[in-house]
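# Understanding the architecture of this molecule
So you can see what is in the structure, the chains are spelled out below.
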Amino acid sequence: MNLETPLMRELRVQLARHAGPMQARLPLRNIMLTATNAPTPPFAQMAEPDRMAEPAFGLVAQGAKRVVLGNQVFDYAAGQYLIFSVDLPLSGRVVEASENAPFLGFGLKLKPDVIATLLLETGAPRKARIEPPAIAVSGLTDDLVDPVVRLLRLLDRPQDIPVLAPAIEREILWRLINGEQGAMVRQLGLADSRMTQIGRAIRWLRDHYAETVRIEDLADIAGMSLTSFHRHFLNVTSLSPLQFQKQIRLQEARSQLLSSSQDVAAVGFAVGYDSPSQFSREYRRLFGAPPGQDAQRLRRSNELSDAAY
């Protein structure tokens, strides 16, 4: 889309004004905003401000970002958005940002119950003929940017938020349902969709990442046969259940290394590794540096980011 329309210009202004360390106090609880004036190291997608541990829609108003799922790379830049429909172990980084043109991003949690209500109100929901992916990138349209801008305007009129915000968030979801990735979004609202079934197994893995997992138990949680579960889990996540669990463990280890004073071996044991050498080897393969060195790099990056505001 044209990045110099009045809507896109206002979107950048609103994000630049409201993003930053104080956003934790924003009265709109379902959104997260990001602004950074330099590229970032890779981070666990679910642990950062616009990377939520629920299905989410995220757009870029300025700059560019890269998200990695296993061996898949998703690049999206100004004028594009990304949707993920289940809680995936994503790793991402801002790849284009500067003092003169900081990265500006917006994120909105996708609520399955609200999507289900919209589907019921507008006709009988239908399953997709082809199983949609769990993550995809598309181009923004004016009819999607418009309600996002109106939602951000409410940050300056907090008294209007209880009345107007729910309707605007529904409008954003409706635009997504009818957009290029509509099949993926619609599946979130269908209780019996394959994506919802796989989502139940994913939530179990998230909650029990340090435990030994039996694939048969995961298939039972999803309510699927073992063969069907293997196939659909791979289709949705692009990873096997064990690969998925490993990425969750490593991302949780990274979070613990950043926020606690535990040594590397203790963190590895805490997230389910029996071998410190295996933990360090797999950690470096995913994040590009050994655990201790990576934690120091992230702390320095956080300090620089805080100093920028």
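Above this note sits the structure.
Residues numbered from 1 in each chain as written. Predicted model: local features only at pLDDT ≥ 70, side-chain atom pairs only at ≥ 80, totals over all residues. Heavy atoms only, no water.

### What to know about the overall build of the protein
What counts, and what does not: What counts as a helix is a DSSP run of H or I of at least four residues, what counts as a strand is a run of E of at least two, and both are numbered from the N terminus. Any residue under 20% of the maximum accessible area for its type is buried, any over 50% is exposed, and the rest in between are partly exposed; the area is computed with a 1.4 Å probe on protein chains only. Contacts were defined at the residue level, with two residues in contact if any of their heavy atoms lie within 4.5 Å. Where accessible areas are quoted, they stem from the Shrake-Rupley method and a 1.4 Å probe; at the residue level, only the protein chains shown are allowed to cover.
Tallying secondary structure elements over the protein gives 12 helices and nine strands in all. In the protein, which comprises 309 residues, the share counted as buried stands at 49%. Taking as baseline every contact in the protein between residues at least 6 positions apart, the subset at least 24 positions apart corresponds to 71%. As presented, the protein carries roughly 14,300 Å² of accessible surface, and 51% of it is formed by carbon and sulfur atoms.

### Points about the packing of aromatic side chains
The description of two aromatic rings rests on the distance between their centres and on the angle between their planes. Applied cut-off: Each aromatic pair joins two rings of Phe, Tyr and Trp (for Trp, the six-membered one) with centres within 6.5 Å, and gets the label stacked for planes under 30 degrees apart, edge-to-face for over 60, and tilted for any other angle.
Inspection of every chain in the model, using the stated rule, returns seven aromatic pairs. On the numbers, 6.3 Å between centres and 65 degrees between planes, the contact of Phe57 with Phe106 is edge-to-face. One end of the pair, Phe57, is in strand β3 (residues 56-62); the other, Phe106, is in strand β8 (residues 103-109), with 49 residues separating them in the sequence. As far as the burial class goes, Phe57 and Phe106 line up, both buried. Aromatic pair Tyr273 and Phe279: ring centres 5.4 Å apart, planes at 50 degrees, arrangement tilted.

### Brief notes about the pairing of strand β1 (residues 31-36)
How we decide: Two strands qualify as a pair provided DSSP detects at least 2 bridges between them.
Counting buried residues along β1, five of its six residues qualify, which places the element largely inside the surrounding structure. The pairing of β1 with β8 spans six bridges and is classified as antiparallel. Each residue of the ladder has a partner; that of Met32, found in β8, is Gly107.

### Considerations on the sheet that holds strand β6 (residues 80-84)
Defined as follows: The axes used here are C-alpha line fits, helices contributing only the stretch in contact, and every angle between their N-to-C directions lies in the interval 0 to 180 degrees.
Taken together, five strands build an open sheet; the order of strands is β1-β8-β3-β6-β9 and the sheet is antiparallel. Each of the sheet's edge strands pairs with one partner strand only, and the pair in question is β1 and β9 (135-139). In this sheet, adjacent strand axes meet at a mean angle of 20 degrees when their direction is disregarded. Relative to β6, β3 runs antiparallel, the two sharing five bridges. Residue Gly58 lies in a different strand from β6, and its bridge partner there is Leu82.

### Some remarks on the packing of helix α6 (residues 194-207) against helix α9 (residues 241-259)
Applicable threshold: Small angles under 35 degrees read as roughly parallel and large ones over 145 as roughly antiparallel, with 65 to 115 read as roughly perpendicular and the rest as oblique. Helix crossings fall into two classes, left-handed where the near helix is turned counterclockwise from the far one by less than a right angle and right-handed where it is turned clockwise.
With their axes 10 Å apart at the nearest point, α6 and α9 run at an angle of 40 degrees to one another. Between α6 and α9, the crossing angle belongs to the class labelled oblique. Considering the relative orientation of α6 and α9, their crossing is right-handed. Every residue of α9 that contacts α6 at Ile202, Leu205 and Arg206 is listed here: Pro241, Phe244, Gln245 and Ile248.

### Considerations on the pattern of salt bridges
Selection rule: For this document, the term salt bridge refers to a Lys or Arg side-chain nitrogen within 4 Å of an Asp or Glu carboxyl oxygen.
Counted by the stated rule, this structure contains 13 salt bridges. Linked by salt bridges that have partners in common, Asp146, Arg150, Glu171 and Arg175 make up one network.

### Observations regarding the environment of Glu180
To keep things clear, this is the line we draw: Counting of polar contacts relies on pairs of N or O atoms within 3.5 Å, with two restrictions inside protein: one atom must be capable of donating a hydrogen and the other of accepting it, and residues adjacent in sequence are counted only when both atoms are side-chain atoms.
Assignment of secondary structure puts Glu180 in the loop between α4 (161-177) and α5 (182-188). Residue contacts for Glu180: discarding those within four places in its chain leaves Tyr81, Ser138 and Gly139. Reaching out from Glu180, the side chain makes a polar contact with the side chain of Ser138 at a distance of 3.2 Å.

### Observations concerning unusual backbone geometry
Positive phi, normally seen in glycine, also occurs at Ser238, with a value near 65 degrees. In this fold, Ser238 is placed in the loop between α8 (226-237) and α9. When its relative accessible area of 31% is taken as the criterion, Ser238 is described as partly exposed.

### Structural notes on helix α11 (residues 276-287)
Note the threshold: To estimate the expected span of a helix, subtract one from its residue number and multiply by 1.5 Å. This arc corresponds to the set of directions leading from the helix axis out to the C-beta atoms.
Here α11 contains 12 residues, and its C-alpha end-to-end distance of 16 Å stays within 8% of the 16 Å for a straight helix at 1.5 Å per residue. Looking only at α11, the buried set comprises Phe279, Glu282, Tyr283 and Phe287. Projected down its long axis, α11 shows its buried positions confined to an angular sector of 115 degrees, all on one face. In α11, the exposed positions that point more than 90 degrees away from the buried face belong to Arg284 and Arg285.

### Digging into α6
Taking 1.5 Å per residue, 14 residues should reach 20 Å; α6 reaches 20 Å between its end C-alpha atoms and fits that length. Among the residues of α6, Met195, Gln197, Ile198, Gly199, Ala201, Ile202, Leu205 and Arg206 are the ones counted as buried. Those residues of α6 that are buried are in contact with α5, α7 (215-222), α8 and α9.

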